[in-house]
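Structure assessment
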Amino acid sequence: MSKWSSWLPLRQELRELSPYGAPQLDVSVRLNTNENPYSLSPEVCAEIINRIKDVVTNLNRYPDRDALTLRGELANYINMQSETDFTFTNIWAANGSNEILQSIFLAFGEKAMGFLPSYSMHPLIAKTAKCEWVAGSREPNFSLDIVKASLAIADAKPNLVFVTTPNNPTGTAIEISDLQLLADECKKIGALLIIDEAYAEFASRESAVTLIAKNSHVLVVRTMSKAFAFAGVRVGYLVANSEVIDALLLVRLPYHLGSLTQAAASAAISMSDRLLSDVAKLKVARSEMASALILMGLNVVNSDANFIAFSGFSKSEKEVWAALVQSGILVRDIGIPGYLRVTIGTAAENAKFLLALQEVLANG
Ligand SMILES: *Cc1c(COP(=O)(O)O)cnc(C)c1O
């Protein structure tokens, strides 16, 4: 039974869906959406305000439709991180990487494939864009078996293949040599390989952007929401061959990225060193968190991101989740039986979480 009224001519495939979103509860410690827990430094805030002041008097005008300046700055940032030599022609920017993903589906989506458990927005956006979705699988330890994955790709013959690395919600990463093997498999069947690197800055591995020069069918999706502590602004971007970028221009809405957003993002990128300094701190906190969970007798999934999936508690994940909410702590129920995911927060937040978890597990 659908909850929708019969007079509403909602598309059939949408009638069974619910809007995506983690609960936004009013609790003191929120470790459920993988945000960077540190707010922007006063220097970065001042620079953003300065840049916004410059554009405020021009808000009667549409923004730079192609965000040329911002795209050039993002190209420089990637080049600096990965020793590549991209220009603005290799970058597209939008309101969060979810909009980038949507544009990819709108431009190319006929039959897409991904390997679960992974980012649930990939199949969801596929559905809203009327793209067929084939669900491949990961191993019980959440790694991706490249031989099996390659066979599954050859068998399903999608025209889009999605992999997330480091993967959300598990944190597991894929070696660059394995990504090249997947790219080879995709090339054989004329598919694009889309690598979602939302957590790239937290990983100590080479970015897949280094594959693009020799693999024009590899697309890398990045975001400023996580490492850059910029989730509230909504900026995501794509690094790809310039012909891929040109294709996305066909489906983008005119003036999609506002002047205020472009100005704020430019300011943040100009101070990227400052912003990324918290990433090192979070990586240390991640290993401390893993050790603490292991000391409590739990199992942790090895993570290259700013969160940890853990298991090994005797109550159900729903019970532990609810008991933590009672203690004012919000973690993520990721829909994998026996597992929960915690985002790395500030030292104080992590300590509160660990203390509350210990109490929850001790009680019954
Ligand atoms: C958080 C996340 C995103 C993106 O979010 P935006 O805020 O829309 O940039 C994309 N992919 C994965 C895997 C994520 O975890």
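In this text the structure is predicted, and so the values were computed from the model without any measurement. (Residues numbered from 1 in each chain as written. Predicted model: local features only at pLDDT ≥ 70, side-chain atom pairs only at ≥ 80, totals over all residues. Heavy atoms only, no water.)

Below, the discussion takes up the overall build of the protein. Helix and strand content of the protein: 11 helices and 12 strands. In summary, the protein has a C-alpha radius of gyration of 21 Å against a globular reference of 21 Å for 364 residues, a match within 12%. Referenced to the eigenvectors of the C-alpha coordinate spread, the extents of the protein come out at roughly 60 × 55 × 55 Å. Long-range contacts, defined here as pairs at least 24 residues apart, represent 72% of the contacts in the protein between residues at least 6 apart. About 16900 Å² of surface is accessible on the protein, with carbon and sulfur atoms providing 53% of the total. Of the charged side chains in the protein, 32 are positive and 37 negative, and the gap between their average positions amounts to 5 Å. (Helix = DSSP H or I, 4+ residues; strand = E, 2+ residues; numbered from the N terminus. Rg over C-alpha atoms; globule rule 2.2 N^0.38 Å. Contact = heavy atoms within 4.5 Å. Areas by Shrake-Rupley, 256 points an atom, 1.4 Å probe, with all protein chains shown as cover. Lys, Arg positive; Asp, Glu negative; His and termini not counted. Charge placed at Lys NZ, Arg CZ, Asp CG, Glu CD.)

Under the 1.5 Å per step criterion, the end-to-end length of helix 8 (residues 259–270) is 17 Å for 12 residues, consistent within 8% with the ideal 16 Å. Where burial is concerned, most of helix 8 is hidden: 10 out of the 12 residues are buried. Three or more residues of helix 8 are buried, namely Ser259, Thr261, Gln262, Ala263, Ala264, Ala265, Ser266, Ala267, Ala268 and Ile269. (Expected span 1.5 Å × (residues − 1). Buried < 20%, exposed > 50% of the residue type's maximum accessible area, 1.4 Å probe, protein only.)

What you see with strand 12 (residues 340–343) is no split at all: Leu340 and Val342 on one side and Arg341 and Thr343 on the other are buried throughout. Two elements, strand 10 (residues 307–311) and strand 12, share four bridges in a ladder whose sense is antiparallel. Bridge pairing links Phe307 to Thr343 in strand 12. (Pairing = 2+ DSSP bridges.)

The next point concerns the sheet that holds strand 10. Within a sheet, each strand pairs with its neighbour through backbone hydrogen bonds, oriented either parallel or antiparallel. One open sheet holds the three strands; their spatial order is 9-10-12, and the pairing between them is antiparallel. Both edges of this open sheet fall to strand 9 (299–300) and strand 12, since each of them pairs with a single strand only. With respect to the sheet, helix 9 (residues 272–295) is in contact with strand 9, strand 10 and strand 12, its orientation differing from that of strand 10 by roughly 10°. (Axes fitted to C-alpha atoms, helices over the stretch in contact; angles between N-to-C directions.)

What follows deals with a nonpolar patch on the surface. On the surface, Val56, Leu59 and Leu260 cluster together into a nonpolar patch covering about 240 Å² of accessible area. Within the secondary structure, Leu59 sits in the loop between helix 1 (42–56) and helix 2 (68–82). Judged by its relative accessible area of 42%, Leu59 falls in the partly exposed class. (Patch = residues over 30% accessible without salt bridge, like charges linked within 9 Å, V, L, I, M, F, W, Y side chains within 5 Å. Salt bridge = Lys/Arg side-chain N within 4 Å of Asp/Glu carboxyl O.)

On to the site of the ligand, then. Taken together, 13 residues are adjacent to the ligand, and Tyr199, Thr223, Ser225, Lys226 and Arg234 come closest. In the model, an oxygen atom of the ligand is placed 2.5 Å from a nitrogen or oxygen of the Thr223 side chain. Within the side chain of Lys226, an N or O atom sits 3.1 Å from an oxygen atom of the ligand. Within the complex, 93% of the 390 Å² of free accessible area of the ligand lies under protein. Residue classes in the shell around the ligand are distributed as three nonpolar, seven polar and three charged. (Near = heavy atom within 4 Å. Polar contact = N/O pair within 3.5 Å; in protein donor to acceptor, adjacent residues only side chain to side chain. Nonpolar A, V, L, I, M, F, W, Y, C, P; charged D, E, K, R; others polar.)

Considering all chains together, one arrives at 15 salt bridges under this definition. With a closest N to O distance of 3.2 Å, Asp278 and Lys281 form a salt bridge. Pair noted here: Asp278 and Lys281 are both in helix 9, with a separation of three residues, about one helical turn. A salt bridge links Glu317 to Lys318; its shortest N-O distance comes to 3.7 Å. Among the charged side chains, a network of salt bridges with common partners joins Arg11, Glu13 and Lys130.

Inspection of the secondary structure puts Asn350 in helix 11 (residues 347–362). A distance of 2.8 Å separates a polar side-chain atom of Asn350 from the backbone nitrogen of Gly345. Discounting chain neighbours no more than four positions away, the residues touching Asn350 are Ala285, Met289, Thr343, Ile344 and Gly345.

Time to look at unusual backbone geometry. Here the bond from Leu116 into Pro117 is cis, since omega is 0°, no more than 30 degrees from zero. Residue placement: Pro117 occurs in the loop between strand 3 (111–116) and helix 4 (121–128). In the segment running from Thr165 into Pro166, the intervening peptide bond is cis, with an omega of -10°. Despite not being glycine, Asn34 has its phi angle at roughly 60°, a positive value.

In space, the seven strands of this open sheet follow the order 2-8-7-6-5-3-4, with mixed pairing throughout. Among the strands making up the open sheet, the edge pair consists of strand 2 (91–94) and strand 4 (132–137). Ignoring which end each strand starts from, the neighbouring axes of this sheet average 20° apart. Judged from the five bridges that link them, strand 5 (residues 160–164) and strand 6 (residues 192–196) form a sheet pairing that is parallel. Its bridge partner being in strand 6, Thr164 is matched across the sheet by Asp196. Helix-sheet contacts for helix 7 (residues 242–249) involve strand 2, strand 7 (218–223) and strand 8 (236–239), and the interaxial angle to strand 2 is about 35°.

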